[in-house]
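Summary of the model geometry
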Amino acid sequence: MDKNISQALHKLFERHRIVFWYDTEKELRSDFEKLELEDIEKIEINNHEFGIKYRILREKPQQKFLLYHEGKEPDYLDNWLLDIQLAQGKFSTDQVSLWLTELELGLEFVDVVEPHSEFFRSSERREALKQLLHPHDTKTAIRLKMLAICTAAEPRLDSILERLLEEYSQERDKKFKLCDRTQLTEFLWQQMKQVYGYSSEQLSIKDFVIELFKSCYTIAIDGEGKLTEDALVFLKRWKDSRQFEQSFESLSHQCAENLKIEEKLNQRYYQELLEIDYFRLIDQKIIHDLVQAVSDRTIATNEVTNNIVRQRKQGHWYREFEHFYEAINYASQFIHVLDEANLSIESIKDGFEKYCKSWFKIDQLYRKFIFHISKSANPTLTEKLSEQIENLYSNHYLLKLNNHWQVMIDSIRQWQTIELPSQRRFFSKWVEPFLKKDKKVCVIISDALRYEIGDELVSLIRQEDRYEATLDAAVTLLPSYTQLGMAALLPNETLEIIDHPNAIVNVDKQSSQGTVNRRKILEKAFEKRQKKATAIQAKELLKLNRDESRSLFREHDVVYVYHNQIDQIGDKLATEEQVFKAVEDTFSELILLIKKLTGANASNLLITADHGFIYQHRAIADSDFSNVEVKGHKIIKENRRFVIGEGLKESDGLRKFKVEDIGLIGELEMQIPKSINRLRIKGSGSRFVHGGATLQEIIIPVVKVNKKRRGDLSTVEVEIIRNSSSTITSGQLAVTFYQQEPATDKVQPRILKAGIYTQTGELISDLHDLTFDSPSENPREREFQVRFILTSNANIINNKEVFLRLEEKLVDTSHYEEYKSVSYTIRRSFTSDFDF
C-alpha cells in the first residue's frame, strides 16, 4: 500500500502545494509516519488548525505540505481549514480514489470508475486509458475510451463496433465478454440506441447486424428503415473499409440468408438495385438480368457502358464480378458494332481498307469478351450470352466476311501483284527510311500479333508518359505461317521455301530458321552499307544489364528483337484456349521491352508480326472442316490452313498458288482452304489457326514508337455542379460531378474520394470513391450523380458552413490532398429529422 500511496501523493503534489489526507478508518498512521516525500513537509492535524494555517500561509507560503488527520473528514461547519482544502488537493486511500488520483481525474468521475472496477483492476488498461484521456473529457467520452481499450479500437463508436463485428464474424467473443465483465455493455447499447436507433428485446451483436442489413436494404429500396442515417453511413464506411472487408462480407452472406434476400431480389427489377451493394446476391441478380437484356437487345450499349457498368464499378463486389461486367460490356458493344457493320467487299483494296478502318474492332471486341468470360469465376452465369456471341462471331461475322473476301482472293491470279502494303517490302518501306537519315532503328517482331492486337497495343503505349505510337498495316505473304513471315521481314532479294518438313525459307540462299541464321542474314545485308545489324531474342535482351543493352545499340544500326508469346501458346492443342490470356501477357511484355529499349537509347522502334490468326473459342463445328482430301506428287508441309508440295491436285475447296504467284522462287506449289475452313489433321489444334488468306490471318500491324523529351500525360478535370441553392436542408445531399473532357490515351482518368466535412475537418457524411474515366464525347454521359447521407453530427453544426471536398491520393502514398471543394450551409429544421 505504501508504494501506491507514495505514487498517488506525488501525482497530487504535481498539481497542488497542499494536500489533505483523512485516514477515515484510522489504520494508516504507520504508513504516514514511514512516508518520506522529498521537499514535502508532513503535519498532523490535531486541534491546532490556526497554527497550521499560519505556518502554511504566512511562514512558508512556497513550501509543500501534507496535512494528515486520523479520522473522518470534519463537516464543513467544523472544518477550520475548509477554505484551504477547497483550493488545494485531497487524498483518499480507498481503491477508487487511488485510481482517480492515478488517472488525474476529479471526484466527479467516481461514478465512471466505481461501477467499472473490473476494468480498473488491470494496470495495463489503466495505463492505456491514461494515454487517451484529455482534460475536457466528458463521462461519455471516457466510457467510449474504456470500450475502445476493451475492443482494441479507436475511441469512436463506429470503430468499436467494427472490432466487435469483426470478432463476431470469426465466431469469437473475447472482446465482447471483456466489455460485459467490465460492466460496459449497458453503456454500449445506450450509445447504439442514441446514435444508430438500435433497440431490441434481445440485445446482441447478432441481432444488431441483422437489423443493420435489413434496415439499410429497406431504406435503399423503399426509403424507410428502423435505424438512423448514422447506421446507413456506418454500413457504407464499414463495407468500404479494406481493413474490415472480410468481416463485412462474411456477415453480409449470413444476413442475406437470414433475411431471404434472394427471394426478395426475384421480385425486383435490376434497375432498382444499381446503387445498392450490401449483398453479393445483388450483383448476381444484376448480371443475370443484364445478360438477358443484352441477349434480347432490349438495352442500349450506352446504357450498359456509361450507366450500369460505370455505376457498379463503385460497388463493393465489383472486384469479384469485374470480369462479368466487362464481358457483358464488350458483348453489348460487339452486338452493336456487328449490327452496324456492312460486310460487303468491292475489291481487294476495299476489303483491306474496311478491315483496317472498322471491321477489326469486331475481332477485338470478341477477344475482350472471351478473355473476360474465361477469367470470370462462374461462366455459367453468362452461358446464354456466350452462346449468342459465339454464334454471331462465327456465323454472322467471321464466316460471312471471309466468304466475301474469298471471292476477291479467287479473282486474282498473283498475290504479289495486289496493290497493298506488303510484308515483303517491310524493310524497304519502314526500316530503310531511318537508315537514309542516318538514324538507328530497332524492330520487334512478335509472333502472331494480328492487326487488332496492334491497335490495342498502340493505345496502351500512348498511355505511357512521353511515348507516342502510330499504327500502319501490311499484308503477309501466303501461306501466312511463321517461317515465311519471319523471312519476309528481313532485308531480302529472293525468298525460297525449301523441301523440308518445317517448310523452312531461305533468304538469298541463306536459311532463315532461328535467330542465329537471321542474325547472319542481317550482318551480310549490312556489310555492303558499312553498317551493322544484329538479332536477339526478347528474353535474352531482358536479361542484359543497362550497360550491356546500351552497348548493343551503340554498336549496331539495326537490331531485330524476336518475341513469341501468342503463337507459342495458341499453336498447341493443350493450350490454344489460353491464347487471349497470352495476348494480355504480350501487352505487358512488349511495354516492358519498349521501356528496356528506350532506356538503352533506342529512340526509333518498329513493332510488327510474321502473321495473324483465326481463333474461335467454341469447339469448331464439323461444317467448318473441309472434306477435301489433299493429293499431290509430294506433300512437304500440311497444316490446318495450308499445304505446300509438288504437283498438288486442284480442288474446289482449296485455292492453289504457285510460288512465283507469291513472289518466291522455286518449283513448289501451295493450297489454302477457302474462307475459314480447316483441313482435317490428326492431333493438332483447330480453334487457333493461321496460314490461310483470311483478313485476320494476313493483315498485320506495323507500329511506330518514339519517346518524347517531355511528359505528355494529363488527367481529366472534374467540376462539382451543385443546385442553385448552397444550403443543405435535409439529411441527404444530391450532387452532380462533371468530367470536363473525355478520357483518352493521353488524358487519363482521375480517382477521387468525396465527402462532406466541417470546418475542423470532421467527416459528417458517408464517403464515396469515384472514378472519372468516361471516354464519351457526349458531355451528358460524363455527368455522375452522387447522393451523400449526413450523420447526426450535422445537427450540432446547424446554421454553420460545411464543405463538400474532393480528395486525391498522393502518388505512392496512403495520404490524400484536397483536389476541389465547395461550401454549403446547413439549415435544418426539426421536421427534417423525418425526411428520411
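Residues numbered from 1 in each chain as written. Predicted model: local features only at pLDDT ≥ 70, side-chain atom pairs only at ≥ 80, totals over all residues. Heavy atoms only, no water.

1. Describing the overall build of the protein chain
Along the backbone of the protein chain there are 32 helices and 29 strands. Taken over the C-alpha trace, the protein chain has a radius of gyration of 40 Å; the compact-globule value for 836 residues is 28 Å, which it surpasses by more than 25%. If one aligns the C-alpha atoms of the protein chain with their principal axes, the spans along those axes are about 135 × 65 × 50 Å. Classification of the 836 residues of the protein chain by burial places 53% in the buried group. For the protein chain, the proportion of contacts with a sequence separation of at least 24, taken over those separated by at least 6, is 71%. Just so you have it, the protein chain exposes about 39,300 Å², and 45% of that area is on carbon and sulfur atoms. Put simply, the protein chain has 118 plus and 133 minus side-chain charges, and the middle of one group is 5 Å from the middle of the other. (Helix = DSSP H or I, 4+ residues; strand = E, 2+ residues; numbered from the N terminus. Rg over C-alpha atoms; globule rule 2.2 N^0.38 Å. Buried < 20%, exposed > 50% of the residue type's maximum accessible area, 1.4 Å probe, protein only. Contact = heavy atoms within 4.5 Å. Areas by Shrake-Rupley, 256 points an atom, 1.4 Å probe, with all protein chains shown as cover. Lys, Arg positive; Asp, Glu negative; His and termini not counted. Charge placed at Lys NZ, Arg CZ, Asp CG, Glu CD.)

2. Digging into the packing of aromatic side chains
As enumerated under the stated definition, the model contains 37 aromatic pairs in all. Consider the rings of Tyr-355 and Tyr-451, whose centres lie 6.4 Å apart with planes at 55 degrees: the pair is tilted. Residue Tyr-355 is found in helix H20 (residues 348-375), and its partner Tyr-451 is found in helix H23 (residues 451-462); the two are separated by 96 residues along the sequence. The same class applies to Tyr-355 as to Tyr-451, namely buried. A cation over a ring is seen here: Arg-125 above Phe-119, with NZ or CZ 5.6 Å from the ring centre. For the cation-ring pair, Lys-429 lies above Trp-430, with the distance from its terminal atom to the ring centre recorded as 5.1 Å. (Phe/Tyr/Trp six-rings, centres within 6.5 Å; stacked < 30°, edge-to-face > 60°. Lys NZ or Arg CZ within 6 Å of the ring centre and 35° of its normal.)

3. Details of the pairing of strand E15 (residues 643-648)
A regular strand places its side chains so that they alternate between the two faces of the sheet. Bridge count between strand E14 (residues 632-638) and E15: five bridges; the pairing is antiparallel. When the sheet's bridge partners are listed, Gly-632 is paired in E15 with Leu-648. Taking the residues between adjacent antiparallel strands as the criterion, E14 and E15 are bridged by four residues. In this structure, E15 lies alongside strand E17 (residues 669-673), joined through three bridges in antiparallel fashion. Counterpart to Gly-645 in the pairing with E17 is Glu-669. (Pairing = 2+ DSSP bridges.)

4. Considering H23
Taking 1.5 Å of rise per residue, twelve residues should cover 16 Å, and H23 covers 17 Å from first to last C-alpha, within 8% of that figure. Within H23, the full set of buried residues consists of Tyr-451, Glu-452, Ile-453, Gly-454, Glu-456, Leu-457, Val-458 and Ile-461. On its buried face, H23 sits against H20, strand E6 (467-475), helix H28 (566-570), helix H29 (579-599), strand E12 (604-608) and strand E19 (699-707). (Expected span 1.5 Å × (residues − 1).)

5. Some details on the pattern of salt bridges
In total, this model carries 60 salt bridges according to the counting rule given. With a closest N to O distance of 3.6 Å, Arg-268 and Asp-222 form a salt bridge. One end of the pair, Arg-268, is in the loop between helix H16 (261-265) and helix H17 (280-296); the other, Asp-222, is in helix H13 (residues 205-222), and 46 residues separate them in sequence. You can call Asp-222 exposed: its relative accessible area is 52%. Lys-236 is the salt-bridge partner of Asp-766, the closest N and O atoms lying 3.9 Å from each other. With Asp-766 in the loop between strand E25 (750-757) and strand E26 (768-772) and Lys-236 in helix H14 (residues 229-239), the pair connects residues that are 530 residues apart, well separated along the chain. Neither residue differs from the other here; Asp-766 and Lys-236 are each classed as buried. (Salt bridge = Lys/Arg side-chain N within 4 Å of Asp/Glu carboxyl O.)

6. Things to note about unusual backbone geometry
Geometrically, the link from Leu-478 to Pro-479 is a cis peptide bond, its omega value of -5 degrees lying close to zero. Here Pro-479 is to be found in the loop between E6 and helix H24 (482-488). In this structure, Asp-438 is a non-glycine residue whose phi angle is positive, near 60 degrees. Exposure remark for Asp-438: the relative accessible area of 60% places this residue in the exposed category. At Gln-530, a position not held by glycine, the phi torsion is positive, near 60 degrees. Residue Gln-530 is classed as exposed on the basis of its relative accessible area, which comes to 76%.

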